[in-house]
Amino acid sequence: MDKIPLIEDSQSQELLKAHRRKRIQMFARSMAEIEDLRTSQTQRLMNACNVERLPDGINICDPQVLPLLSPKVRAVCDAFPLQAEDVIKKYGLNSDEFNNMLEEAHRNPVFRWRVKKYMSKTSEEASSP
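Just so it is clear, the structure is predicted and the values come from calculations on it, not from any experiment.

Asker: Hey, could you go over helix 2 (residues 71-90) for me, with residue numbers and the actual values?
Answerer: With 20 residues, helix 2 extends 29 Å from end C-alpha to end C-alpha; this agrees with the ideal 28 Å at 1.5 Å per step. When we look at burial in helix 2, the residues that qualify are Val73, Cys77, Phe80, Ala84, Val87 and Ile88. A side-chain oxygen of the first residue of helix 2 lies 3.0 Å from the backbone nitrogen of Lys72; this N-cap is Ser70. Where helix 2 terminates, the next one or two residues include Gly92, which has phi positive at roughly 80 degrees.

Asker: Lay out the nonpolar core with the relevant residues and their values.
Answerer: Core analysis: the largest hydrophobic core is formed by 19 residues, its most contacted members being Ile24, Phe27, Ile34, Leu93, Phe98, Phe111 and Val115. When residues of this core are traced back to their parent elements, those giving at least two are helix 1 (10-48), helix 2, helix 3 (95-107) and helix 4 (109-127). The element best represented in this core is helix 1, accounting for seven residues. Excluding residues within four positions of it along the chain, Ile24 makes contact with Met101, Phe111, Arg114, Val115 and Tyr118. If you look at the next biggest cluster of nonpolar residues, it comprises five residues, including Leu45, Ile60, Leu66 and Val73.

Asker: Lay out the environment of Cys49 with the relevant residues and their values.
Answerer: With respect to the element layout, Cys49 can be found in the loop between helix 1 and helix 2. Among the residues examined, Cys49 registers a relative accessible area of 30% and is labelled partly exposed. Sequence separation between Cys49 and Ser70 is 21 residues; the distance between their C-alpha atoms is 8.8 Å.

Asker: Lay out the pattern of salt bridges with the relevant residues and their values.
Answerer: When the charged atoms of two side chains with opposite charge come close together, those side chains can pair. Within the structure shown, the criterion is met by six salt bridges. One salt bridge connects Glu97 with Arg23, and the closest N-O pair in it is separated by 2.6 Å. Taken together, the residues Glu97 in helix 3 and Arg23 in helix 1 connect sequence positions 74 residues apart. For Glu97, a relative accessible area of 23% gives the class partly exposed.

Asker: Any chance you could break down helix 3 for me, citing the residues and the numbers?
Answerer: For an α-helix the count is 3.6 residues per turn, leaving residues at separations of three or four pointing the same way. Across its 13 residues, helix 3 extends 18 Å between first and last C-alpha, which sits within 8% of the 18 Å expected from 1.5 Å per residue. Where helix 3 starts, the residue carrying a side-chain oxygen 3.1 Å from the main-chain nitrogen of Asp96 turns out to be Asn94.

Asker: Which residues make up the packing of aromatic side chains, and what values do they have?
Answerer: Within the structure shown, the criterion is met by two aromatic pairs. Centroid distance Phe27 to Phe98: 5.1 Å. Interplanar angle 50 degrees. Geometry classified as tilted. With a gap of 71 residues between them, Phe27 in helix 1 and Phe98 in helix 3 connect regions that are remote in the sequence. Exposure remark for Phe27: the relative accessible area of 0% places this residue in the buried category. Assessed through its relative accessible area of 6%, Phe98 is described here as buried. For the pair Phe27 and Phe111, a centre-to-centre distance of 6.3 Å together with 35 degrees between the ring planes defines the contact as tilted. Of this pair, Phe27 sits in helix 1 while Phe111 sits in helix 4, and the two are 84 residues apart along the sequence. Each member of the pair Phe27 and Phe111 is classed as buried. By way of ring pairs, the aromatic residues Phe27, Phe98 and Phe111 are connected into one cluster. Just above the ring of Tyr118 sits the side chain of Lys117; from NZ or CZ to the centre is 5.4 Å.

Reading guide: rules and limits
- Residues numbered from 1 in each chain as written.
- Predicted model: local features only at pLDDT ≥ 70, side-chain atom pairs only at ≥ 80, totals over all residues.
- Heavy atoms only, no water.
- Helix = DSSP H or I, 4+ residues; strand = E, 2+ residues; numbered from the N terminus.
- Expected span 1.5 Å × (residues − 1).
- Buried < 20%, exposed > 50% of the residue type's maximum accessible area, 1.4 Å probe, protein only.
- Polar contact = N/O pair within 3.5 Å; in protein donor to acceptor, adjacent residues only side chain to side chain.
- Core = buried A, V, L, I, M, F, W, Y, C linked by side-chain atoms within 4.5 Å.
- Contact = heavy atoms within 4.5 Å.
- Salt bridge = Lys/Arg side-chain N within 4 Å of Asp/Glu carboxyl O.
- Phe/Tyr/Trp six-rings, centres within 6.5 Å; stacked < 30°, edge-to-face > 60°.
- Lys NZ or Arg CZ within 6 Å of the ring centre and 35° of its normal.

Shown next as structure tokens:
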């Protein structure tokens, strides 16, 4: 079966760009909300455990470290991925798309800059009355 040639349509190209831009904005918003969630959970955990700060360089949710920790810490570590997944879905993304964009943000400095730009806009919108 022969391929059907695509019609060059500048309007459809603009729609595709707008869609891509919107997806990046949704990714940035989900990233900002997930970071806020991580910060608030860490703060609540420190308050519950009566510590001023968590040790540097240790991932408290590391599966090899987790069995040694308090049930409170384990509960937070178990709940976080599910809560992050809810945030991702809230912004219309799925896990694969989010993870692909996260990977692209790690390896592509231009994409990372765009995401940071949208994240700063999101935080500015949230802080303005």
